[in-house]
Amino acid sequence: MKKIKKATGLKRQKAISGYLFILPFILGFLAFMVKPFFQSLYMSLCSVEVGPGGFRSLYQGLANYTRAFTVDTEFARLLVEEISRMCVNALAIMVFSFFVALILNQKFKGRALVRAIFFLPVILSSGVILGIEYDNALLSSVQDAIMETTGNTSITNALESILITAGVGAQAFQIVFDIVDGIYDVAIASGIQIIIFLSGLQTISVNMYEAADIEGCTSWEKLWKITFPMISSLFLVNWIYTIVDFCMRSDNQVMEKISDTMIVNLDYGFASAMAWVYFGIVIVLIGVSSAIISKGVYYYE
Amino acid sequence: MSKRKQTAAVKSFRERNRASHGYLLKKTVRTGAWKLVRVFLLFGMCFLILQPILNKISISFMAEEDLYNAMVISVPEHFTTDNYQLAMQFMDYGKTLCNTVLVSLTIALLQIAMCTLAGYGFARFEFPLKNFWFACVIMMIVIPPQTISTSLHLHFRYFDIFGIFRLLTGESLNLRGSVAPYYLMSLGCMGLKNGLYIFMIRQFFRNIPKELEEASYVDGCGTLKTFLRIMLPDAKPILTSCFLFSFVWQWTDGFYSGMFLGNIKLLSIQLQMIGERLGSYITNTLHNAAGASVGYTNCIVATGTLLVIVPLLVLYLFAQKGFVESLSSSGIKM
């Protein structure tokens, strides 16, 4: 049986000061997260009318949700596009950032410079700049011009035409080539993930690698038997971070549509409903994938 | 002993290779090849990341006719700084820059101060429901702010604390368009990515040995004094990097700024409007009915983007260590 003991003296005092330290967070969380969270859930079930001096919400059941899927012409399509883009890109970002972190963890000349360049996107691709970057039509037209002058023979294009005409798993190849074409997107979205992986790599003790060397491990084996398990928990962190980051990106079309509906059309109920559909899908995705990943996570204690 | 060592060093590569049954040669070739591949890979990827910036820089100095000249790719033929003048004019650059610096600085300071308190509380104290509240921090990271944005929007449009204002003035406050809501949110650790900062700061404070804290208690420091005098100086690197991140993300943030700070001229908001401004400038001031061409609009937008990120680039050049090193050495773990 567990003994119920009233905290006394120093322990109690510490508990109180602990609460004092996180008090701003608790207040903020209740006021600006919990309340809006449930309010927006409620609003998604209502039609909200904004008038002078206040707003009224009339309960109307799931009307907003059915409208999102059956009446609205764009939403379902955008949702599918964004979610599938997110999954493919998130996977690519994980692989890319792990690979880059492995390289950046090695010692070579000019490492500081290369690191500085790789973390540049943390600044440059944040917030509005990414959205502006994205519709840079001039850049693509310049690229088209270059393509035409070089006779349209890049290595990837040649490979692409060979592999796709071969006809085996054309769909799968197409996804891979889309990623290769969009490698810039992947590179600029993986700054933080690289830092996280790098921090993990630096905590692995050198002794382990030395022991493995003495036992005659090849680098390939070391990668799979030491590096991978030791930073496996960071895969989970990075995966969640990547997905959440995707929701915040300013070129996320679903989010664009939501804020348009809200700010331009003042249709708060419908906007909430769409936000909740998106949030629901993302949270299920995070839940399922974290459950799968966390099974493979190895904790070294 | 030393003589034997010397002869070993003098031995030629070929002999040493033979002694190791060909392993040495294999290893040398392998590491050499990997080094070469690595150089190519890194160069390619660095170029990939830098290319858009370089491209923007070269475009920003081009006159309009250069944009359509197929011969001109990266070096402008008609060198001009008109683009900068126009972009600065559209964005009201001087004033906007001051505003942005002021807002980003104060918001970042406020957020980091609050997140440090919370992070320290989570790391060093035992109190009931601690795990529950920490789960809330994780929730905060995971919930996209757009989900609650509709409600926040109305919340601040008709702001009231338990109906106090309605009682006093008969009307609720409209805080939208002022800075107040965002400062309030920052005060409650609810700003942009604040969950992440709390998480990282907590992670750091957890790794400080308990003995340090106990020693300061024995020497007569209270909780607050221990925090201020012992813990904070230690945490300088992680706090710097969190501050820098917060500053930079606030600088470029369009979401919260667009939602709350609409009336204050901020770079991130002005940048999004630069295209429209150019169009109306060309039709209204220059009386050219055709409006701005796509290429020229892009050129001005690129110039504007450069103007927004140049201060950040300068900051990054000087504080690069603060951004990267302290984070990558802090050891983030679940």
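Residues numbered from 1 in each chain as written. Chains lettered and ligands numbered in written order. Predicted model: local features only at pLDDT ≥ 70, side-chain atom pairs only at ≥ 80, totals over all residues.

Student: Looking at this model, I keep getting lost on the overall build of chain A. Mind explaining?
Tutor: Along its length, chain A carries 15 helices and 2 strands. A burial count over chain A gives 33% of its 301 residues as buried. Within chain A, counting contacts between residues at least 6 apart in sequence, those at least 24 apart form 73% of the total. (Helix = DSSP H or I, 4+ residues; strand = E, 2+ residues; numbered from the N terminus. Buried ≥ 20, exposed ≤ 12 C-beta atoms within 10 Å, placed from the backbone. Contact = placed C-beta atoms within 7 Å.)

Student: Help me understand the overall build of chain B, please; the structure alone is not making it clear to me.
Tutor: When helices and strands are tallied, chain B shows 17 helices and 0 strands. Among the 334 residues that make up chain B, the fraction classed as buried is 38%. Once local pairs closer than 6 in sequence are excluded, the contacts in chain B between residues at least 24 apart make up 71%.

Student: Would you mind showing me how to read the interface of chain B and chain A here?
Tutor: In many analyses, interface size is given as the accessible surface area lost on bringing the parts together. The partner chain A presents 75 residues to the 74 residues of chain B that form the contact. Secondary-structure elements contributing two or more residues to the side of chain B that touches chain A are helix H3 (23-60), helix H6 (93-124), helix H7 (130-142), helix H8 (145-157), helix H10 (180-187), helix H14 (236-252), helix H16 (267-285) and helix H17 (294-330) of chain B. A per-element tally of the side of chain B that touches chain A places H17 of chain B first, with 17 residues. Residues belonging to the side of chain B that touches chain A are distributed by class as follows: 45 nonpolar, 24 polar and 5 charged. (Nonpolar A, V, L, I, M, F, W, Y, C, P; charged D, E, K, R; others polar.)

Student: Could you clarify how one ought to interpret unusual backbone geometry in this entry?
Tutor: A negative phi holds for most residues other than glycine; trans holds for most peptide bonds. Residues and elements named next belong to chain B. Although it is not a glycine, His 21 adopts a positive phi angle of roughly 55 degrees. Phi angles above zero are rare outside glycine, and Asp 92 is one such case at about 55 degrees. Its place among the elements puts Asp 92 in the loop between helix H5 (82-91) and H6. Take Asp 92: there are 13 C-beta atoms within 10 Å of it, and that puts it in the partly exposed class.

Student: Help me understand the nonpolar core in this model?
Tutor: One broad rule of soluble globular proteins: the nonpolar side chains tend to lie buried together. Counting residues in each nonpolar core, the largest one holds 131 residues, and the members touching the most others are Met 274 of chain A together with Ala 118, Ile 201 and Cys 242 of chain B. Residue contributions to this core peak at 11 residues, all from helix H15 (residues 268-296) of chain A. Each of domain 1 (2-49) and domain 2 (82-330) of chain B gives at least three residues to this core. Setting aside anything within four residues of it in sequence, one finds Ile 201 of chain B in contact with Cys 115, Thr 116, Gly 119, Ile 238 and Cys 242 of chain B. (Core = buried A, V, L, I, M, F, W, Y, C linked by C-beta atoms within 7 Å. Domains from an automatic or database assignment.)

Student: Looking at this structure, how should I read H3 of chain B?
Tutor: All names here are of chain B. With 38 residues, H3 should cover 56 Å at 1.5 Å per step; its first-to-last C-alpha distance of 55 Å lies within 8% of that length. Where H3 bends most, the angle comes to about 40 degrees, and this point is Leu 50, followed within four residues by the proline Pro 52. Among all positions in H3, only Leu 42, Met 45, Ile 49, Lys 56, Ile 59 and Ser 60 are buried. (Expected span 1.5 Å × (residues − 1). Bend = angle between axes of the 7 residues up to and from the residue.)

Student: Quick question: what am I supposed to make of the confidence of the model for chain B here?
Tutor: A low pLDDT score tells you not to read the predicted coordinates there in detail. Residues and elements named next belong to chain B. Averaged over chain B, the pLDDT score is 80; the fraction of residues at 70 or greater is 85%. Looking across chain B, the model is least confident in helix H1 (residues 2-10), with a mean pLDDT of 55, and most confident in H6, with 90. Of the two predicted TM-score estimates for the complex, the pTM is 0.81 and the ipTM is 0.78. (pLDDT = per-residue confidence, 0-100.)

Student: Teacher, can you tell me more about the packing of helix H2 (residues 63-71) of chain A against H15 of chain A here?
Tutor: In a packed pair of helices, the relevant descriptors are the angle between the two axes and the axis-to-axis distance. Residues and elements named next belong to chain A. At a closest axis distance of 9 Å, the pairing of H2 and H15 adopts a crossing angle of 70 degrees. With respect to H15, the axis of H2 lies roughly perpendicular. Residues Asn 64, Tyr 65, Arg 67 and Ala 68 of H2 pack against Gly 269, Phe 270, Ala 273, Met 274 and Val 277 of H15. Among the residues making up the contact of H2 with H15, the classes are represented as 6 nonpolar, 2 polar and 1 charged. (Axes fitted to C-alpha atoms, helices over the stretch in contact; angles between N-to-C directions. Parallel < 35°, antiparallel > 145°, perpendicular 65-115°, else oblique.)

Student: Teacher, can you tell me more about H5 of chain B here?
Tutor: Every α-helical turn comprises 3.6 residues, leaving residues that sit three or four positions apart pointing alike. Residue and element names in this part refer to chain B. Every buried residue of H5 is accounted for by Asn 83, Leu 86, Ala 87, Phe 90 and Met 91. Down the axis of H5, the buried side of the element spans an arc of 120 degrees, and every buried residue falls inside it. Exposed and facing more than 90 degrees away from the buried side of H5 are Gln 85 and Gln 89. Once H5 ends, the next one or two residues include Asp 92, with phi positive near 55 degrees. (Arc of directions from axis to C-beta.)

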